[in-house]
Number of protein chains: 2
Amino acid sequence: MLPTYPPRSIWPAAEGALEIIDQRWLPHEYRTEQLTTLAETTRAIEEMRVRGAPLIGVTAAYGLYLALREAPSRANYLQHLAMAAAMLKATRPTAINLAWAVDRMVNALTALSPDILTHQDSFVQKARELADEMAEADVATCRAIGEHGYKILEALHKQHPDRPVQMLTHCNAGGLGCVAYGTATAPLYLSAERGLPVHVWVDETRPRNQGALTAFELKRIGIPHTYIVDNAGGLLMQRGQVDVVIVGADRVSLGGDVANKIGTYLKALAAKDNQVPFYVALPASTFDPKLKDAFAEIPIEERHPDEVNYAYGINELGKASRVLLTPEGTKVSNPGFDITPARLITGLLTERGTCPAKESAVRALYPEFA
Amino acid sequence: MLPTYPPRSIWPAAEGALEIIDQRWLPHEYRTEQLTTLAETTRAIEEMRVRGAPLIGVTAAYGLYLALREAPSRANYLQHLAMAAAMLKATRPTAINLAWAVDRMVNALTALSPDILTHQDSFVQKARELADEMAEADVATCRAIGEHGYKILEALHKQHPDRPVQMLTHCNAGGLGCVAYGTATAPLYLSAERGLPVHVWVDETRPRNQGALTAFELKRIGIPHTYIVDNAGGLLMQRGQVDVVIVGADRVSLGGDVANKIGTYLKALAAKDNQVPFYVALPASTFDPKLKDAFAEIPIEERHPDEVNYAYGINELGKASRVLLTPEGTKVSNPGFDITPARLITGLLTERGTCPAKESAVRALYPEFA
C-alpha cells in the first residue's frame, strides 16, 4: 500500500493498470481514470489529462510498460519498445523530462540480457519495476527539493518573524505535476508539516489557469493563499508584498537559462527590479546538458488557439463549460513557454541543494554531466 | 452631418438626443442606445455602458445639456445645473476626467450673461454647443496624438520596409474609450488611412479582457492583429517580434511615472530588457501636476473579486454568460493599476509631440503646468 500522504498524482490500480487524476476537470471536479494501454497513455499526455514535466516523464515510463504488455507474443520486443518510445516522445515537445524518462527506460531495458528480452513476462515485469522505481525516485527527489527550499523559507521567516513568509508562484509546479510534493511547491508541504507560516500569491497562469490547480493543491494541504491575475505580480513586488518567488521549470541549460511556463520571464524581471529573490526548483532530470543556447535551441510549443479564445470553468448551472472571450474569428498566438535568462535567477533549487544559476556551480553539484 | 470615419463612440441622434454604443455587449454584439435624459446618462456611466476616462467626461458634458433640456420652464437653471453636475460626478468618483469635464461645463455656463441664463432655449443651446466643442476637442487631441505616434511607426517601418511594423498594446486605450481614435490606438488609425503596414499584438488584459475591445476596434478599421494572453508579451520581445509598445495612461506625474492598467509595468520591464521602445500615449488632461510621488500618492483601486474568480463571455448557446475559474471560496486580490516608473519609458506621446519621461521635458511641452 502507498502512504496516503502526500497525495499522489499517479498510482497503481487493479490488474497492473495505473490510475491518474484527469486534471482537465480540476479544480472543480476530482475525476480519476485508468491507463491500461499505450494509446490511453499518449492521449492522457497529449490532452493534458496529466501535466507537469516530471509527471509526464513518469507517466510515459508507465506507458512503455503498458505498450510491452500489449505486444503480441513472439513480437520483436525491442522494436515494439522503440516504436512506443517514439510515439510517447512525440506527444509534447518542450519538457525535457519526457524524453529523459523514455530514453532511460529504453536504455535500461535494451541493456538486459538476451534471455529476458525474449520472455515477454519477465520483460514486462522488468519494465514495470523500472517505472515504479522512477515514480519513487520522483517522490524522493521532490521531497529533497522541499528540504532545501524549506531552508530558504525558514531564513526569510527569521527576517520577519511577526508575519507569514510571502511567496509568489506561477503555474502549477506542484504535486499535481509530479508524482507527489511537486518542485516549486515542495517547500510548502514541508512548511505545512512543520508549522512554518507561509502565504502564497498564486498566479492565475492564463491561458490554462493552472493557478487554479495550485489553489486546489494548497487548499488540500492547508497553506493560506490568494489568487491573482498574471498582471498583478509586478505591483505586489513594487509594494513589498512578495518575499520570494519560486517557480518550476520545463528545461534548464547547465548555464542556468530556464524554459518554463509562459509569463515566468515577466515575473523574473519584476523580481530583479524589486530585489526579490527568484528561485527555480528542478530535479536533475530537468537539466539538458546538451543545450548550448537555450534561446536558439529550445522549441517553444505553440498550443491550440481555443485555449486563448475561450475560458473554461463551471457555468451557473454547475456544469463544466466554456465562454468565448474574443470577437468571432480573432487570430490568436498561444506560445506555451518562455525563457528566463540565468542573470535574473537568484538560485536553482535542486534535490542536491541550492546553487547559483551558473555552469560551474551546476557542474559542481552534478559532476555526472560530462 | 458627422463624418462616418473615424467611428465615434458618442454621436448626435434625432431630436437633440445622443447615441452611444452599449459597450457591455462588446465585442460580441454591437448594440447602440439613445441618451435623452439625465437619468439615462448617469445610468450609462454608472453601469459602464460607456467606459474610458475621456468618453465618460464627454458623455457627462452631454448629460448636463440633457438635464437643462428637461428643466421645467421658469426653473432656476443654474440651480438645476448644479444638481445635475453633482449627480453626474457621483457616478464614477475615481475617474478624473469626469469631474474635469463637468466642472468645465459648469464654469463656462455660469459665466454666461444673465440674459442667456433666464432663457431656457438659449441656455440649452449654449450647453449643447459647449458639449459638442468638448467632443470635437477630444477628437482633435486624439488625432494629434495619432499624428505624432504615426511618425514613430513610420520611422520603424523605414528600418524594416519588408514587413509590417509590430506594435504591442495593453488594455483598450482606444477610440471606444474616447470620442474617436483613442490615445494608444490613434497612430493605428492614421496608419490605416495612409496604408502603413502595422500588425498589433493585443494583450488580453485580465481580469476584464479589454483586449477583446481592442481586437473589435482594430477589426473595424482593418488593422491586422493577434490576440495574446498577458503572459506572452515577454517571449515575443525576446524573439524580436515586437518593434514598439504603446499603451495609454490613467494618471501621469510630471516626472513621467505612469499609473495605468495592471500589468503595464511588466511589459515595460520586458521592453527595457529587450531594447524595445516603450511609449505612453496621453492627452494633457491625464497629467497630474500636483503629484509628487506617484508610488506613494496614487491610490490603487482594489476591484471586485468576481472579475478574477469568473470569466465573462458568450456561452455555447450564444448568450452572455460567465464561468467560475477558481476552487469554491478561493481568496482573490484584484488591484486595478500599477505604476510604471519613468526610467522604463522611452517617451510620452502627447497631442503636442513626443517627449522623454522627464519633468523638464514635460514642462517644456506644457509651460502652463505651473
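Quantities reported herein were computed from a predicted structural model and do not represent experimental measurements.

Novice: Give me the lowdown on the overall build of chain A, citing residues and values where you can.
Specialist: Counting its secondary structure elements, chain A contains 13 helices and 15 strands. Its C-alpha atoms give chain A a radius of gyration of 21 Å, near enough to 21 Å, the size a compact globule of 370 residues would have. Projecting the C-alpha coordinates of chain A onto the three principal axes gives extents of approximately 65 × 55 × 45 Å. The buried share of chain A, taken over its 370 residues, is 64%. Here the contacts in chain A between residues at least 6 apart in sequence split such that 72% fall between residues at least 24 apart.

Novice: Lay out the side chain of His80(B) with the relevant residues and their values.
Specialist: Residue and element names in this part refer to chain B. Checked against the element boundaries, His80 lands in helix H3 (residues 77-89). His80 sits in the buried class, given a relative accessible area of 19%. Other than its neighbours up to four places away in sequence, His80 contacts Ala67, Leu68, Ala71 and Pro72.

Novice: Can you lay out the packing of aromatic side chains for me, pointing to particular residues and giving the numbers?
Specialist: How two aromatic rings sit relative to each other is set out by the distance from centre to centre and by the angle between their planes. With the rule as written, the count across this model stands at 15 aromatic pairs over all chains. Centre to centre, the rings of Tyr5(B) and Tyr189(B) are 6.4 Å apart; their planes meet at 50°, and the pair counts as tilted. You can see Tyr5(B) sitting in the segment before strand E1 (10-12) and its partner Tyr189(B) sitting in helix H7 (residues 186-194), a full 184 residues away along the chain. The exposure class assigned to Tyr189(B) is buried, which follows from its relative accessible area of 0%. Of the aromatic side chains, those joined through ring pairs into one cluster are Tyr5(A), Tyr181(A) and Tyr189(A). The side chain of Arg322(A) reaches across the aromatic face of Tyr310(A), ending 3.6 Å from its centre.

Novice: Describe the interface of chain A and chain B, naming the residues involved and giving the relevant values.
Specialist: Contacts between chain A and chain B engage 61 residues on the former and 61 residues on the latter. With both sides pooled, the region where chain A packs onto chain B buries about 4,900 Å², and carbon together with sulfur makes up 59% of that total. The largest share of the area that chain A buries against chain B comes from Tyr227(A), Asn231(A) and Leu266(A), three residues that together contribute 14% of it. Linking chain A with chain B are six salt bridges, by the criterion used here. The residue Arg343(B) makes a salt bridge to Asp273(A) at a minimum N-O spacing of 2.9 Å.

Novice: How would you summarise the sheet that holds strand E1 (residues 10-12) of chain A if you had to cite specific residues and measurements?
Specialist: Residue and element names in this part refer to chain A. With respect to topology, three strands assemble into an open sheet ordered E1-E2-E3, the strand pairing being antiparallel. Of all the strands in the sheet, the pair left with one neighbour each is E1 and strand E3 (32-35). The mean angle between the axes of side-by-side strands here comes to 30°, regardless of whether they run parallel or antiparallel.

Novice: Outline helix H4 (residues 96-110) of chain A, listing residues and values.
Specialist: Residue and element names in this part refer to chain A. The terminal C-alpha atoms of H4 lie 21 Å apart, and with 15 residues this matches the ideal 21 Å at 1.5 Å per residue to within 8%. Every buried residue belonging to H4 is among Ile96, Asn97, Leu98, Ala101, Val102, Met105, Val106 and Leu109, and all of these are buried. Close packing links the buried residues of H4 with helix H2 (53-70), helix H3 (77-89), helix H5 (114-117), helix H6 (120-159) and strand E8 (251-252).

Each value, and the rule that gives it
Residues numbered from 1 in each chain as written. Chains lettered and ligands numbered in written order. Predicted model: local features only at pLDDT ≥ 70, side-chain atom pairs only at ≥ 80, totals over all residues. Heavy atoms only, no water. Helix = DSSP H or I, 4+ residues; strand = E, 2+ residues; numbered from the N terminus. Rg over C-alpha atoms; globule rule 2.2 N^0.38 Å. Buried < 20%, exposed > 50% of the residue type's maximum accessible area, 1.4 Å probe, protein only. Contact = heavy atoms within 4.5 Å. Phe/Tyr/Trp six-rings, centres within 6.5 Å; stacked < 30°, edge-to-face > 60°. Lys NZ or Arg CZ within 6 Å of the ring centre and 35° of its normal. Buried area = accessible area lost by both parts, 1.4 Å probe. Salt bridge = Lys/Arg side-chain N within 4 Å of Asp/Glu carboxyl O. Pairing = 2+ DSSP bridges. Axes fitted to C-alpha atoms, helices over the stretch in contact; angles between N-to-C directions. Expected span 1.5 Å × (residues − 1).

No statement about biological role is implied by the geometric values presented.
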